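Okay, here's what each chain looks like letter by letter:
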Amino acid sequence: MPEPQRCAVLGDPIDHSLSPVLHRAAYAELGLDWTYDAVRVPAGGLADFLAGLDGSWRGLSLTMPLKRELMGLVDDVSERAALVGAANTLVLDGERRHADNTDLPGAVAAVRERYAGPVVAGAVLGGGATAASTGLALCDLGARRVTLHVRSPERGEEAAAAVRRHPSRPEVVLAPLDRAPEADVLVSTVPAAAQTPDLVAGCRAVPVVFEVVYDPWPTPLAASVGGDRVLVGGLDLLVHQAALQVELFSGTRPSVERMRAAGEAALRGAG
């Protein structure tokens, strides 16, 4: 059996993270005697944390506000992390640090699990690192036009630049957050508290809604999706990107369904 290894998810805040539940379920299924914890690391603190790691550490998951901070602290960066301009995954191989981004392929897998139709136009609510990765995912799904709905153009410029780097050279537009999106798939990366009745009402014409928030659930936007509209949830994204992380850390792909079941059970218990 492989030697025990240590892994963790870092961010601030981090107490709410479901990643430990998902990763521990995957390691148990794979027969790995590995640990995975949630560790609070505030903005600006990542370099010091990494400097204190020893050889027992194998991998880290990164969430807000560390995804972009990691990029300058590694030995090499995957093509997809470079495309996004942010990394949610750090693979530790001896003294080498390899940054990757599983949000991008995880988002593609999450959408395709629920929706098999065409994606020509996509829209994203928000302009942070998750907006960049999901905007690029929309391009991977076929979108030729992506609109980022943001509170101010300055808040979305970095994400817009990332989406424009996609090899398909999509048209990328910045629009006000309160403008009704026109798209085949809408991704929301904004908090539930920012989902006002007017914002939710403006999204009712979009047939596929991808809500990346998983707690609290349902968000106002997710609760509004009914009839023949398709809802892709935050847990879908979390499970798919976490399964890819486990594969990068361990070399073996875990069961997405087992990880999802563990996550659902944890959310029911929390509720």
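Details of the structure are given in the entry above.
Note that the coordinates shown come from a computational prediction; the quantities given were computed from them, not determined experimentally. (Residues numbered from 1 in each chain as written. Predicted model: local features only at pLDDT ≥ 70, side-chain atom pairs only at ≥ 80, totals over all residues. Heavy atoms only, no water.)

A. The arrangement of the sheet that holds strand β6 (residues 96-100) in detail. Reading across from one edge, β2-β1-β3-β5-β6-β4 is the order of the 6 strands in this open sheet, with mixed pairing throughout. Every interior strand has two partners, whereas the edge strands, β2 (35-40) and β4 (76-77), have only one. Examined bridge by bridge, strand β1 (residues 6-11) and strand β3 (residues 57-62) share 5 bridges and lie parallel to one another. Looking across to β3, one finds that Arg6 is bridged to Trp57. Against the sheet, helix α1 (residues 19-30) touches β1, β2 and β3, its axis set at about 165 degrees to β2. (Pairing = 2+ DSSP bridges. Helix = DSSP H or I, 4+ residues; strand = E, 2+ residues; numbered from the N terminus. Contact = heavy atoms within 4.5 Å. Axes fitted to C-alpha atoms, helices over the stretch in contact; angles between N-to-C directions.)

B. Highlighting the environment of Glu247. With respect to the helices and strands, the residue Glu247 is situated in helix α9 (residues 234-250). For Glu247, a relative accessible area of 32% corresponds to the partly exposed category. Distance in space between the C-alpha atoms of Glu247 and Ala26 is 9.7 Å, their sequence separation being 221 residues. Non-local contacts of Glu247, meaning those with residues more than four positions away in its chain, are made with Thr252, Arg253 and Pro254. (Buried < 20%, exposed > 50% of the residue type's maximum accessible area, 1.4 Å probe, protein only.)

C. Main features of the state of the cysteines. Applying the stated criterion to the full structure yields 0 disulfides. Here Cys203 is not cross-linked by a disulfide; its sulfur's nearest cysteine counterpart is in Cys139, at 19 Å. You can call Cys203 buried: its relative accessible area is 2%. (Disulfide = S-S within 2.5 Å.)

D. Spatial organisation of the packing of helix α4 (residues 103-114) against α9. At a closest axis distance of 8 Å, the pairing of α4 and α9 adopts a crossing angle of 130 degrees. Here α4 is positioned oblique relative to α9, judged by the angle of their axes. In this structure, α4 meets α9 at a crossing whose hand is right-handed. Together, Asp103, Pro105, Gly106, Ala107, Ala109, Ala110, Glu113 and Arg114 of α4 and Asp236, Leu237, His240, Gln241 and Leu244 of α9 make up the contact between the two elements. A breakdown of the residues in the contact of α4 with α9 according to their chemical character gives 6 nonpolar, 3 polar and 4 charged. (Parallel < 35°, antiparallel > 145°, perpendicular 65-115°, else oblique. Left-handed = near helix turned anticlockwise from the far one by under 90°. Nonpolar A, V, L, I, M, F, W, Y, C, P; charged D, E, K, R; others polar.)

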